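What follows is each chain in one-letter form.
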Amino acid sequence: MIALLTDIHSNLEALNACLEHARESGAERYAFLGDLVGYGADPQAVVDIVARYAADGAIVVKGNHDEAIEKHANYMNDATKDSIEWTRKALSTESKAFLSSLPLIVRTGPICFVHSSAAAPTRWEYIDSPAEAQRSAEAAQTTYTFSGHVHNQALYFEGAQGKWSMFSPTPASVVPVSRRHHWLALAGSVGQPRDGKPAAAYALFDFERERIIFHRIAYDHFAAAKKIRQAGLPEAHAYRVEKGI
């Protein structure tokens, strides 16, 4: 059982809630699919936790916000740039080195882990259509591809005659994912969901039983938003956490 967590965005409360749920659900392995930092008020605490999991064998890949700590990202809007600059100052030298060292993509057996598209990991493209999912999965060259970046949960799959389709999962429902097909799952965002629901999002993949379960986990999102305001970070980031947008 592998817990898939992505787009944590320095939201300590959401991360702790998802990790607790994953442990109680029997997760044996963990994969963090990028964007550990940005937007939220607890970058150091979040990186400390993920680094501990990495030391115990967890897979961690780099997201565009993680990369922006070391490289200026001109494509980001002003509020996001302000958050990145604040995060840069809040992180220790060791934590910045940890983020810098992360790979963009990891393949292990029949599984590929990547923040955005496996077709062009450095371009931070969004998987927002069956065609983009197919392109990423074909580049991954694995049965399963697990990604984030989009901040919403979705499951793309290869059907008859190689045609790709999208499935919108129901939280806590078991979805069979047979190895006879190809799949690309977007695990959703732990720290900043954008579907109008503030509950944290992550997924559990059961390799042996060939199934995936997408979860939404309630947590104290008001406390996380309050920290963002107290830190002097952009109000828009606090509002997004409160409203799930």
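Here is what the cut-offs are and how they apply
- Residues numbered from 1 in each chain as written.
- Predicted model: local features only at pLDDT ≥ 70, side-chain atom pairs only at ≥ 80, totals over all residues.
- Heavy atoms only, no water.
- Helix = DSSP H or I, 4+ residues; strand = E, 2+ residues; numbered from the N terminus.
- Buried < 20%, exposed > 50% of the residue type's maximum accessible area, 1.4 Å probe, protein only.
- Contact = heavy atoms within 4.5 Å.
- Pairing = 2+ DSSP bridges.
- Axes fitted to C-alpha atoms, helices over the stretch in contact; angles between N-to-C directions.
- Arc of directions from axis to C-beta.
- Core = buried A, V, L, I, M, F, W, Y, C linked by side-chain atoms within 4.5 Å.
- Parallel < 35°, antiparallel > 145°, perpendicular 65-115°, else oblique.
- Left-handed = near helix turned anticlockwise from the far one by under 90°.
- Nonpolar A, V, L, I, M, F, W, Y, C, P; charged D, E, K, R; others polar.
- Right-handed = clockwise from strand over helix to strand, strands pointing away.

Q: Can you explain the environment of Val46? Please cite residues and give values.
A: With respect to the secondary-structure elements, Val46 resides in helix 2 (residues 43-55). Assessed through its relative accessible area of 0%, Val46 is described here as buried. Sequence spacing of Val46 and Asn16 is 30 residues, and the spatial spacing of their C-alpha atoms is 9.1 Å. Beyond its immediate sequence surroundings of up to four residues, Val46 is in contact with Ile8, Ser10, Asn11, Leu12, Leu15 and Leu36.

Q: Before we move on, could you go through the sheet that holds strand 9 (residues 174-176) and cite the residues and values that matter?
A: Each strand in a sheet pairs with another by means of backbone hydrogen bonds, the pair being arranged parallel or else antiparallel. With mixed pairing, six strands are arranged side by side in an open sheet as 3-2-1-11-12-9. Only two strands of the sheet have a single partner each, and these edge strands are strand 3 (59-60) and strand 9. As paired strands, strand 1 (residues 2-5) and strand 2 (residues 29-32) are joined by four bridges and run parallel to one another. Bridge pairing in strand 2 links Leu5 to Phe32. Contacts from helix 1 (residues 12-24) reach strand 1, strand 2, strand 11 (200-206) and strand 12 (211-217), with the element oriented near 25° to strand 11.

Q: I'd love a proper account of helix 6 (residues 130-140), names of residues and values included.
A: By the burial criterion, the buried members of helix 6 are Ala133, Ser136, Ala137 and Ala140. Take helix 6 and look down its axis: the buried residues cluster within an arc of 95°, on one side only. Of the exposed residues in helix 6, those oriented more than 90 degrees away from the buried face are Ala131 and Glu138. Those residues of helix 6 that are buried lie in contact with strand 4 (105-108), strand 5 (111-114), strand 6 (144-147), strand 7 (153-158), strand 8 (164-167) and strand 10 (183-187). Two residues or fewer after helix 6 comes Gln141, characterised by a positive phi angle close to 60°.

Q: Residues and numbers for the nonpolar core, please.
A: Of all hydrophobic cores here, the largest spans 44 residues; its most connected members are Leu5, Leu15, Tyr30, Phe32, Leu36, Leu99 and Tyr202. Of all the secondary structure elements, the ones that give two or more residues to this core are strand 1, helix 1, strand 2, helix 2, helix 5 (93-101), strand 11, helix 7 (221-230) and helix 8 (235-243). Sort the elements by how many residues they give to this core and helix 1 lands first, with seven residues. Of all hydrophobic cores here, the second largest spans 21 residues; its members include Tyr144, Val175, Trp183 and Ala187.

Q: Go over the sheet that holds strand 10 with me, naming the residues and quoting the values.
A: Taken in spatial order, the six strands make up an open sheet running 4-5-6-10-7-8, and their pairing is mixed. Looking at strand neighbours, the two that pair on one side only are strand 4 and strand 8, the edges of this open sheet. Between one strand axis and the next, the sheet turns by 15° as a mean value, whatever way the strands run. Strand direction decides the pairing type here: strand 6 and strand 10, joined by four bridges, are parallel. What sits directly across from Tyr144, in strand 10, is Trp183. Along the sheet, helix 6 makes contact with strand 4, strand 5, strand 6, strand 7, strand 8 and strand 10, crossing strand 8 at roughly 110°.

Q: Help me get a handle on the packing of helix 1 against helix 2, residues and values and all.
A: Between helix 1 and helix 2, the least distance of the axes is 9 Å, while the angle of their chain directions is 30°. Judged on the interaxial angle alone, helix 2 and helix 1 are roughly parallel. Where helix 1 crosses over helix 2, the two elements pack in a sense that is left-handed. Where helix 1 abuts helix 2, its residues Leu12, Leu15, Asn16, Leu19 and Arg23 lie against Ala45, Val46, Ile49 and Tyr53. Broken down by class, the residue content of the contact of helix 1 with helix 2 amounts to seven nonpolar, one polar and one charged.

Q: Outline the pairing of strand 2, supporting the account with residue identities and numerical values.
A: Note that the unit made of strand 1, helix 1 and strand 2 has a crossover that is right-handed. Of the strand pairs in this sheet, strand 2 and strand 3 are connected by two bridges, and their pairing is parallel. Residue Phe32 lies in a different strand from strand 3, and its bridge partner there is Val60.

Q: Give a detailed account of the packing of helix 2 against helix 5, specifying residues and quantitative values.
A: Two elements in contact, helix 2 and helix 5, have axes whose closest approach is 10 Å; the angle formed by their N-to-C orientations is 55°. Judged by the angle between their axes, helix 2 and helix 5 are oblique. Viewed along their axes, helix 2 and helix 5 form a crossing whose handedness is left-handed. Packed against helix 2, whose contacting residues are Gln44, Val47, Asp48, Val50, Ala51 and Ala54, the element helix 5 presents Ser95, Phe98 and Leu99 at the interface. Each residue belonging to the contact of helix 2 with helix 5 can be placed in one class, and the counts come to six nonpolar, two polar and one charged.

That's the geometry; what it means functionally is another story.
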